[in-house]
Amino acid sequence: MGIVSSKEKKPTEQESITEAQKAQSNDQGSTNDQKTESKQQETVGAKRPIQIDDPNFSSPRSKRKPTKKEYDEKKGGGRVGLEERPEHLGPREPRIPKKKVALLIGYNGTGYQGLQLNQNASSIEGELFNVLCKVNAISKDNATDPKKSAWMRAARTDKGIVQRINDLLPPQIRVWGFVPVINSFNPKNLCDSRVYEYLLPTCAFMAPTEKTLTTEPSHENDLKLVTPEGEYRYTTRSTPKELEERHQYRATNDQINIFKQALKCFEGTHNFHNYTNGKSFKEKSANRFIKSIDVSEPIYIDGSEWLSIKLHGQSFMLHQIRKMIAMALLVTRTKTPISLISQSFEENRINIPKAPALGLLLERPIFKVYNEKTRIKASNEVKRDKIDFDLYNDKIEEFKHEWIYKKIFETEHNEHVFDGYLTSLDAHVGPDYLYLNDKGVIPKECLVETKFNKKGSDEEEDE
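Residues numbered from 1 in each chain as written. Predicted model: local features only at pLDDT ≥ 70, side-chain atom pairs only at ≥ 80, totals over all residues. Heavy atoms only, no water.

Visitor: Any chance you could explain the overall build of the protein chain here in plain terms?
Guide: When helices and strands are tallied, the protein chain shows 13 helices and 11 strands. Across the 463 residues of the protein chain, 41% fall into the buried class. The contacts of the protein chain with a sequence gap of at least 6 include a subset with a gap of at least 24, amounting to 72%. (Helix = DSSP H or I, 4+ residues; strand = E, 2+ residues; numbered from the N terminus. Buried < 20%, exposed > 50% of the residue type's maximum accessible area, 1.4 Å probe, protein only. Contact = heavy atoms within 4.5 Å.)

Encoded structure:
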């Protein structure tokens, strides 16, 4: 689920100018030029006495900019570019009062090349922009260039427009509603927290199995691994029988409880430098605040058991959620003490694998601070509507089950993404995961050295 907004400049109304006014302004300009020249002569003369015929002296010219009326008159008596209006756009439409709004949307990005507008690619925002133009939420004059509405400043936001937009959008993109916002509204900067959801099959808690590695592949779909020395090794994927065992697996209550406790360790403010790329332990931005993490009761889809994990935080770094999920499931499946997680917030650098991207989705951004501030400021006026996805919970849940959950389950059933992930963990070559042990200690062998923690890096950073 997401939110988009826009900002657009309002051009001033067209004003005409008579020949007399034009002449008057020209005369005035000449007078101003003379005054300016005289004044500048006095200033220069105070520094160095000169004669008017001094060859080193040149009369300064006026820097006065032409007025808009003068500029428009020079361009043909109208707004710049008016006479060059493309014929296919037809006559210019009457102006409609505009207001800035935030669109609350949900989408499944399958088949699109990202979210953001891109003229050379099919995107979610591109689809939305085209439909908004069709329903006249964006005028024809601004339809050729999203920058003119930057990109979502709707001219019309009547009650029925959301239905008309959804009627023209593909079913995997939905608009829940819109909210008028302040002119300076920026969804990225004013979002004070986000809720993500991760869907995890409970077969991820199955105990690790020993894998046989070979120097040559024995099947076309064998997993390819790389040793610390850079050599390739291969291992077979799960057999149909093993896949069925994963499909039918049911987590025990103890496993689910351990998994929940492990995730609770991430709540609060911690240093997550081990849960992202390119962050030093000493960087302030490595510290993040997690408000809450909640795990649902088991969900059963086509005979397979899943858990839904909701993570609410102020902000998340690259790969942070996927690494948090991975650490929690690794602790659960290997029976490693949960105390390992608190050690991962310390300075030692360890390699934490990323859980598959397949199960991750942004459920909703939250604008609590913005909502409170705008309603306080408008206490003596008409109160602004809140940006609140909860108002559309029923529609959102229905959409999630049809276009998010269902697609995730189908992909796992057809491509066995999580099975491949667990197999690669079990077949991993090298000492990286030696911290997964019954004592919960991090041995030196699995510490990772990067440019962010190698000796001498502190001195370089201080300089």
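Visitor: Looking at this structure, I do not really get the packing of helix H7 (residues 253-264) against helix H8 (residues 320-334). What am I missing?
Guide: Axes are the key here: two packed helices are described by the angle between their axes and the distance separating the axes. Running from amino to carboxyl end, H7 crosses H8 at an angle of 140 degrees, the nearest separation of the two axes being 9 Å. Judged on the interaxial angle alone, H8 and H7 are oblique. Judged by the twist between their axes, the crossing of H7 over H8 is right-handed. Contacts from Gln255, Ile258, Phe259, Ala262 and Leu263 of H7 reach H8 at Met324, Ile325, Ala328, Leu329 and Thr332. Each residue belonging to the contact of H7 with H8 can be placed in one class, and the counts come to eight nonpolar, two polar and no charged. (Axes fitted to C-alpha atoms, helices over the stretch in contact; angles between N-to-C directions. Parallel < 35°, antiparallel > 145°, perpendicular 65-115°, else oblique. Left-handed = near helix turned anticlockwise from the far one by under 90°. Nonpolar A, V, L, I, M, F, W, Y, C, P; charged D, E, K, R; others polar.)

Visitor: Where do I start with the pattern of salt bridges in this structure?
Guide: Two side chains with opposite charge may pair up if their charged atoms get near one another. Using the criterion set out here, one finds 14 salt bridges in the structure. Residues participating in the shared-partner salt-bridge network are Glu197, Lys310, Glu363, Arg364, Asp390, Glu397 and Lys400. (Salt bridge = Lys/Arg side-chain N within 4 Å of Asp/Glu carboxyl O.)

Visitor: I keep staring at the nonpolar core and nothing clicks. Help me out?
Guide: Within soluble globular proteins, side chains that are nonpolar tend to cluster in buried spots. By size, the foremost hydrophobic cluster in this structure holds 70 residues, and its most contacted members are Phe259, Phe266, Ile309, Met327 and Tyr435. Looking at this core, the element that brings in the most residues is H8, giving nine residues. Excluding residues within four positions of it along the chain, Phe266 makes contact with Phe272, Tyr275, Ile290, Ile293, Met324, Met327, Ile341 and Phe345. Among the nonpolar cores identified, the runner-up in size contains 18 residues, and Ile105, Leu132, Ile165 and Leu169 belong to it. (Core = buried A, V, L, I, M, F, W, Y, C linked by side-chain atoms within 4.5 Å.)

Visitor: Would you mind going over the environment of Leu168 with me for this structure?
Guide: Residue position: Leu168 is located in helix H4 (residues 161-168). Leu168 sits in the partly exposed class, given a relative accessible area of 45%. It is 9.7 Å that separates the C-alpha atoms of Leu168 and Glu127, two residues lying 41 residues apart in sequence. With near-sequence residues (within four places) excluded, Leu168 lies in contact with Val131, Lys134 and Val135.

Visitor: Sorry, what's going on with the pairing of strand E5 (residues 223-226) here?
Guide: Working note: regular strand, side chains alternate between the two faces of the sheet. Only one face of E5 is buried, namely the one carrying Leu223 and Leu225, since none of Lys224 and Val226 on the opposite face is buried. Relative to strand E6 (residues 232-235), E5 is paired through four bridges, and the arrangement is antiparallel. In the sheet register, Leu225 faces E6, and the bridge partner there is Arg233. Between E5 and E6, which pair antiparallel and follow one another directly, the connecting turn spans five residues, one of which, Gly230, has a positive phi of 90 degrees. (Pairing = 2+ DSSP bridges.)

Visitor: I tried to follow unusual backbone geometry on my own but got confused; where do I start?
Guide: Although it is not a glycine, His319 sits at a positive phi angle of roughly 70 degrees. Note that His319 resides in the loop between strand E10 (304-313) and H8. Phi at His416 is positive, roughly 55 degrees, even though this residue is not glycine. Among the secondary structure elements, His416 is positioned in the loop between helix H11 (393-415) and helix H12 (417-426). Taking relative accessible area as the criterion, His416 reaches 29% and is therefore assigned partly exposed.

Visitor: Just to check I follow, could you spell out H8 for this structure?
Guide: One full turn of an α-helix is made of 3.6 residues, so residues set three or four places apart face in the same direction. In this model, H8 (15 residues) spans 21 Å end to end at C-alpha, consistent with the 21 Å of a helix rising 1.5 Å per residue. Burial runs high along H8: 14 of the 15 residues are buried. Looking one or two residues past H8, Lys335 carries a phi angle of roughly 60 degrees, positive in sign. (Expected span 1.5 Å × (residues − 1).)

Visitor: Quick question: what am I supposed to make of the side chain of Thr374 here?
Guide: Here Thr374 lies in helix H10 (residues 368-377). Judged by relative accessible area, Thr374 falls into the buried class, the value being 8%. Polar side-chain contacts of Thr374 include one of 2.9 Å to the backbone oxygen of Tyr370. Here Asn371 takes part through its backbone oxygen, which lies 3.2 Å from a polar atom of the side chain of Thr374. Excluding residues within four positions of it along the chain, Thr374 makes contact with Ile182 and Arg384. (Polar contact = N/O pair within 3.5 Å; in protein donor to acceptor, adjacent residues only side chain to side chain.)

Visitor: What am I meant to see in the packing of aromatic side chains here?
Guide: Any pair of aromatic rings gets described here by the distance separating the centres and the angle formed by the planes. Taken as a whole and judged by the stated rule, the model has 15 aromatic pairs. Ring centres of Tyr275 and Phe345 lie 6.3 Å apart, and the angle between their planes is 45 degrees; on these two criteria the pair is classed as tilted. One end of the pair, Tyr275, is in the loop between strand E7 (268-271) and strand E8 (287-295); the other, Phe345, is in the loop between helix H9 (339-343) and strand E11 (360-366), and 70 residues separate them in sequence. Taking relative accessible area as the criterion, Tyr275 reaches 0% and is therefore assigned buried. Ring centres of Tyr405 and Phe409 lie 6.3 Å apart, and the angle between their planes is 45 degrees; on these two criteria the pair is classed as tilted. Placement of both Tyr405 and Phe409 in helix H11 is noted, with a separation of four residues, approximately one turn of the helix. On the basis of relative accessible area, Tyr405 is assigned to the buried category, the value being 7%. Taken together, the aromatic side chains of Phe266, Phe272, Tyr275 and Phe345 make up a single cluster linked through ring pairs. Here the guanidinium or amino end of Lys224 rests over the ring plane of Tyr232, the centre of that ring lying 4.0 Å away. (Phe/Tyr/Trp six-rings, centres within 6.5 Å; stacked < 30°, edge-to-face > 60°. Lys NZ or Arg CZ within 6 Å of the ring centre and 35° of its normal.)

Geometric descriptors of this kind do not, in isolation, establish any biological role.
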